[in-house]
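As a plain string of letters, each chain reads:
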Amino acid sequence: MIKTVNLSKVFKTEMVETTALNNVNLEVAKGEFVAVMGPSGCGKSTLLNILGLLDNSDSGEYYFDGIEISGFNEKQRTNLRKGNIGFIFQSFNLIDDLNIYENVELPLLALGEKKSQRRKKVEEILDKMRIGHRKNHFPKQLSGGQQQRAAIARALITRPKIILADEPTGNLDSTNGEQVMHLLEELNTTGTTIIMVTHSLGHAERAHRIVNLFDGQLVMERSDKVFEPVRKLLSAI
Amino acid sequence: MLLRRIFKEKLIYLIIFANLIIGYATFIVISQFISGQFMWDNYNTNYDRIYRLQLFMDQKENTLKHTWSVTAALSRKDLIELPEIEKIALIHDVGDNNKSGVFLSVDKKNQFLSRFGYYADQSVFDIFTFKFIEGDSNQALTKPYSIVLSKELADKLFPGGNALGKQVYGENKVVFNVTGVFEDLPVRTTWRPAYLLPMLSYAVLTGQKNYENNYWGYTFHTYVLLKPNANPAAIDNKIYDALKDFRKEHHPYLRPMAKLNVNPFFDPSLYIAIGLLTFLSVLILILSSINFINLQTASATDRFREIGIKKTMGFNRRRLWFQFMLESMSLTVAASLTGIFIAQLALPSLNNMIGWGSFPNILENPKLIFIILAVTLITGFLSGIHPAYIISSYNPVAALKQKFISEKSNGINLKKILVTIQFSISVFMLIVAFIIFRQTNFMLTKDLGFNSQTILYSNIVTSKEGSFEPLKQRLLEHREIKDACVSDYIPFILPGGDDLNWEGGKPDEKVFVRYSNISYDFVTTYELEMITGRNFSIEYPADRNNCLINETAVKVFGWQDPIGKRIKASGKNYDVIGVIKDYTVFSVSNPNEPHLYRLLQDSIVSNAVYSINFAPGKEKEAMNIVKEEFQKFFPDDAFEFSDIKFLTQNEGAVKAFQSLQRITGLIAILTIIISSIGIFGLILFMTQRKMKEVGIRKVLGFSYGSLYVNLSSWFLRLILISFLIAWPAAYYVYKVLPGANKYGVQIWEFLSASLIILAVAFATISYQIIRALRVRPVEILKDE
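This structure is a prediction, so every number in the text was calculated from the model and none was measured. (Residues numbered from 1 in each chain as written. Chains lettered and ligands numbered in written order. Predicted model: local features only at pLDDT ≥ 70, side-chain atom pairs only at ≥ 80, totals over all residues. Heavy atoms only, no water.)

**Examining the overall build of chain B**
Rules: For the purposes of this entry, the term helix denotes a DSSP run of H or I that reaches at least four residues, the term strand denotes a run of E that reaches at least two, and both are numbered from the N terminus. Accessibility here uses a 1.4 Å probe with only protein chains present; expressed as a share of the type maximum, an area under 20% marks a residue as buried, one over 50% as exposed, and anything in between as partly exposed. In what follows, residue pairs with any heavy atoms lying within 4.5 Å of each other are defined as contacts. Note that accessible areas follow from Shrake-Rupley with a 1.4 Å probe, and for residues the cover is restricted to the protein chains shown.
Along chain B, the regular secondary structure elements total 23 helices and 24 strands. Here chain B holds 784 residues, and the buried ones make up 55% of them. Of all intrachain contacts in chain B linking residues separated by at least 6 positions in sequence, the fraction that spans at least 24 positions is 80%. Accessible surface computed for chain B: about 33600 Å², of which carbon and sulfur atoms make up 59%.

Next comes the structure, spelled out in structure tokens:
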């Protein structure tokens, strides 16, 4: 599904150069649930942005569904992104001026689907997320958990091949966080590939595999269990 | 801190500042223009007590209603008895100032054609404020054959100065002694003589021996000075029927000097125009204030960190509010002072451009400065409230975290209202400016109904007698001269008239009809159109007892078939032989009046006007020819020729319309500039506010095109709403616009004004949106 070869990204300002990603080689298979962990500033979000086609890498190769796309321009990336990738953000990123229904409907609008089709899909997914009764409310009128469920609904509505979640539980209390994790797991069992950035080891451990980033480098990958030293390292931070 | 920010954010502050300066400078300039209209004559020490005697003529429609040409007997017999009156001054033109001037000279050789000479009582110096440079104002007009000169004329006649006691020749015949020189009167003066002769000499010099008992000759002007606390209404009551034995429909009254410029004859036109201008200038001020609010709030978005930190460190809301208020106030005050400075700098060129001596120096007008400063503080405060409130009320955590303003917005919010107001005002102003511009253009370019392009006319006073025919024949020998005539008045030189009965009218009903005496060729020389009947002709000797009238006269008299009808004028009966199509006799703004034309006997009259119709493009040649021929024909008389355009283009109403047109043009341009700034600010604000949405939409895969439509449709909706508000409002203004000669308003004016605003909006929107779209979504959606 996803494969990167020596992916690198450097941020330059007038004074300093920061290496955000340094020769990252990562492979995610179809249907996999991968958690990305690492301290603040290690490049997690940068990696996710590049994987999500929101940003370009400086060097290296990126294969999405077998296509090398690191040289794509913005328009091509936009077209590829549309309907194929769903995003979930820590701060939900719902549009304040639109109500929940309209927010969830957005990706279908971008795809240019018919109105009747859109209505059907939106209502279905809102009910599934148990926020159908709040569809006419505006984001600010909802609780954090409800907002995140709406954001997830929005990410799922196009049945994307892959979901990229950037700390989806970061702004939620444990109950709501748990609900979101449950949703993601459920989604994964139906075949959706998920890459999730998280600070929470507990949530990370529910993925098939954990990838650790440190100073822009992939320090280790493991499935099942996290190594003791890493656990120490993480708890030290 | 503010200065540092200004340097850091040059662009936005440049825009904020330019916006305010334009707003204030426009307001100041228009206020100056308007207050200039009310400052006429106010340099007179007795300003509040000076009144002009006028007449109200209670007669038919389409005739003259008010005049300030009155009889001498009214002042000499009636006013003089009234206890409320302190001084009366009787004034009469020397010659006819409407028409021509008088040739003055010092040495009988270099003669200067001098207009605006008046016979006047010595009391004019008690009523009006004249500053004498030479001579004694207490006795300057007490001796016969004195002459008092304005400085301008004195400098012309006596370039070396010291005019006092010297002699001046009038038409090389009469000798006057200079008894005084006064400083030139300000431009904004209603009665502005160039020189004065004593009323004592009027009877001798004009032959009007019995003028003081004359209730019939409406050629004098009268100004009075009331005693302090005198009630003018009481005087009006006493003199209301003073003319009942002569013309019972005429009623004298006093008009205060303060009204003589803005509203001499109870016609609200100028008030409406002034009101409209005031309204427009206030709108510009509101526009720039709204812009200021929007730009301030927009530029404040990147100050969250500052606010957050300050709040965390214990600054309270009041203090932050105060800080932002202070910034807002200092910006407006600085802009206002710069505005005054710029207005002051622009004054000479504005005076040149707008003309009419319209703009008083702002420093002459402390009241205006006070008003402007008050307005500045108020707008500064009002436009500061919103941003200061919004900014200071953010909670510190949110302020630290948030990068962009996000307001609660469902349905109608303040921003939307401001935007709609902004667009409505811009569109409204532009349409109104269009309407005023077109209306004035209509007045200025309308067909005057006579040849106003290729005519030369003379200024000459002669004692020669005889036939005009030989001179005419000599002139016509030249190919460059097409036609020539002689008449006592010509278009744009207003003749006098009399109250007449007409055939078929009630025996006691009279209307005021103007008279001209014209030669056979007047109609052809001025290319007037005959509607029915025929022109005077040398083949009909009886034409000396016949007359022509104009269309309006036919209308006023109510005649179905005017030919052959009889009119009695100056005690003689005249039969109508033809009707001349109405043409503009005097002013582009006034309605036409009844007019009677009699045949000028084929002889030269002392102060007739000679008109020459020359071949197009041959003005110079024609001028040389007439000079040569007149020199031969009138060897003893000084004369001058002028182009008819000099008259038509210098007429008061024409100049007023030009001034109005130019100032409206100025307003239109500034409106466009200021609304572009406003739209720029708004869109900057909106795109910042919508950044997050743009980011999200981009992440979701929306194309640039759809994002553009999405962002701009927001504005488009508001712009359309604003059209709905602006159009009827502008149409209403068109409806209440005064004037006998209104042009027909057209839909394309509304459309084009709206399109301009739309184009400006879309240019700015596109620029901003494209900028916003270029930002990578990653930047926008970053969670810190």
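Anyway, onward from the coordinates.
**Remarks on the overall build of chain A**
To keep things clear, this is the line we draw: For this measure, only C-alpha atoms enter the radius of gyration; the expected value for a globule follows 2.2 Å times N^0.38, where N is the number of residues.
Looking only at helices and strands, one finds 8 helices and 10 strands in chain A. Radius of gyration (C-alpha) of chain A: 18 Å, near the 18 Å computed for a compact globule of 237 residues. Reported as C-alpha extents along the three principal axes, the dimensions of chain A are approximately 50 × 40 × 40 Å. The 237 residues of chain A split such that 54% are buried.

**A word on the environment of Phe128 of chain B**
Residue and element names in this part refer to chain B. Relative to the helices and strands, Phe128 resides in the loop between helix H4 (124-127) and strand E7 (132-135). Judged by its relative accessible area of 6%, Phe128 falls in the buried class. Sequence spacing of Phe128 and Tyr223 is 95 residues, and the spatial spacing of their C-alpha atoms is 9.3 Å. Not counting the four nearest positions on each side in its chain, Phe128 is found in contact with Asn44, Ile50, Trp191, Tyr223 and Met257.

**Focus: the packing of helix H5 (residues 144-156) of chain A against helix H6 (residues 174-189) of chain A**
Residue and element names in this part refer to chain A. For clarity, the threshold we go by: An axis is simply a line fitted to the C-alpha atoms; with a helix, the fit covers only the stretch in contact. Between two such axes, the angle follows the N-to-C directions and lies from 0 to 180 degrees. What sets the label is the angle itself: under 35 degrees gives roughly parallel, over 145 gives roughly antiparallel, 65 to 115 gives roughly perpendicular, and the rest give oblique. By convention the crossing between two helices is left-handed if the near helix lies anticlockwise of the far one by an angle smaller than a right angle, and right-handed if it lies clockwise. By the convention adopted, Pro, Cys, Tyr, Trp, Phe, Met, Ile, Leu, Val and Ala count as nonpolar, Lys, Arg, Asp and Glu as charged, and the other residues, Gly among them, as polar.
Interhelical geometry of H5 versus H6 gives an angle of 15 degrees and a closest axis separation of 9 Å. Classed by the angle they form, the pair H5 and H6 counts as roughly parallel. Once H5 is placed against H6, the crossing between them reads as right-handed. Counted together, Gly145, Gln148, Arg149, Ile152 and Leu156 of H5 and Asn176, Gln179, Val180, Leu183 and Leu187 of H6 form the full contact between these two elements. Looking at the contact of H5 with H6 residue by residue, the class counts come to 5 nonpolar, 4 polar and 1 charged.

**Some thoughts on a nonpolar patch on the surface**
Residue and element names in this part refer to chain B. Note the threshold: Candidates for patches are residues over 30% relative accessible area with no salt bridge; among them, like charges are joined within 9 Å and nonpolar side chains (Val, Leu, Ile, Met, Phe, Trp, Tyr) within 5 Å. When a carboxyl oxygen of Asp or Glu is within 4 Å of a side-chain nitrogen of Lys or Arg, the pair counts as a salt bridge.
On the surface, Ile378, Phe381, Leu382, Ile385 and Tyr389 cluster together into a nonpolar patch covering about 470 Å² of accessible area. Among the secondary structure elements, Phe381 is positioned in helix H11 (residues 366-392). Of the residues examined, Phe381 reaches a relative accessible area of 36% and is grouped as partly exposed.

**A word on helix H20 (residues 691-699) of chain B**
In an α-helix, one turn spans 3.6 residues; hence positions three or four apart end up facing the same way. Residues and elements named next belong to chain B. The buried fraction of H20 is high, at 8 of 9 residues. Regarding H20, the residues found buried are Met691, Glu693, Val694, Gly695, Ile696, Arg697, Lys698 and Val699. Looking at the residues trailing H20, positive phi occurs at Gly701, about 95 degrees.

**Some details on the nonpolar core**
Put simply, the test is: What is meant by a nonpolar core is a set of buried Ala, Val, Leu, Ile, Met, Phe, Trp, Tyr and Cys residues, joined one to another through side-chain atoms within 4.5 Å.
Judged by nonpolar contacts, the single largest core of 90 residues is most densely connected at Ile16, Leu277, Phe423, Phe428, Met429 and Val432 of chain B. Ranked by residue count, the leading element in this core is helix H2 (residues 10-37) of chain B, at 14 residues. Membership of the second largest hydrophobic core comes to 37 residues, among which are Val104, Ala150, Leu156 and Leu183 of chain A.

**A look at the pattern of salt bridges**
What the rule picks out here adds up to 25 salt bridges over all chains. A salt bridge links Lys121 of chain A to Glu113 of chain A; the nearest nitrogen and oxygen atoms lie 3.0 Å apart. A salt bridge links Glu629 of chain B to Arg474 of chain B; its shortest N-O distance comes to 3.2 Å. Taken together, the residues span a long stretch of sequence, with Glu629 of chain B in helix H17 (residues 619-633) and Arg474 of chain B in helix H14 (residues 469-476) at a distance of 155 residues. Taking relative accessible area as the criterion, Glu629 of chain B reaches 6% and is therefore assigned buried. Overlapping salt bridges, with partners in common, bring together Glu178, Glu185 and Arg206 of chain A in one network.

**Concerning the packing of H20 of chain B against helix H22 (residues 747-774) of chain B**
Residues and elements named next belong to chain B. Running from N to C, H20 and H22 cross one another at 55 degrees; their axes reach a closest spacing of 10 Å. Between H20 and H22, the interaxial angle falls into the category oblique. For the pair H20 and H22, the sense of crossing is right-handed. Residues Met691, Val694 and Lys698 of H20 form the contact with H22, whose participating residues are Ala772, Leu773 and Arg774. The residue inventory of the contact of H20 with H22, partitioned by class, reads 4 nonpolar, no polar and 2 charged.

**Thoughts on the confidence of the model for chain B**
All names here are of chain B. Which entries qualify depends on this criterion: pLDDT is a per-residue confidence score from the predictor, ranging from 0 to 100.
With 89% of its residues at a pLDDT of at least 70, chain B reaches an overall mean of 83. Low pLDDT (under 50) marks residues 402-411, which in the prediction has 24 contacts with non-local residues, meaning those over four places away or in another chain. Interface scoring of the predicted complex returns ipTM 0.74; its pTM is 0.71.

**As for the sheet that holds strand E2 (residues 17-28) of chain A**
Residues and elements named next belong to chain A. How we decide: DSSP bridges decide pairing: two strands pair if at least two such bridges lie between them.
The strand order across the open sheet formed by 4 strands is E2-E1-E4-E5, and the pairing between neighbours is antiparallel. Sheet topology places E2 and strand E5 (67-68) at the edges, where each strand pairs with a single neighbour. Bridge count between strand E1 (residues 2-12) and strand E4 (residues 59-64): 5 bridges; the pairing is antiparallel. Note on E4: the bridge partner recorded for Ser8 is Ser59.

**Some words on the confidence of the model for chain A**
Residues and elements named next belong to chain A. When pLDDT is averaged along chain A, the result is 83, and 92% of the positions lie at 70 or above. The weakest mean pLDDT in chain A belongs to helix H8 (residues 228-236) at 53; the strongest belongs to strand E8 (residues 193-197) at 92. Predicted confidence is poor over residues 225-229, with pLDDT under 50, and the contacts of this stretch with residues over four places away or in other chains come to 6 contacts.

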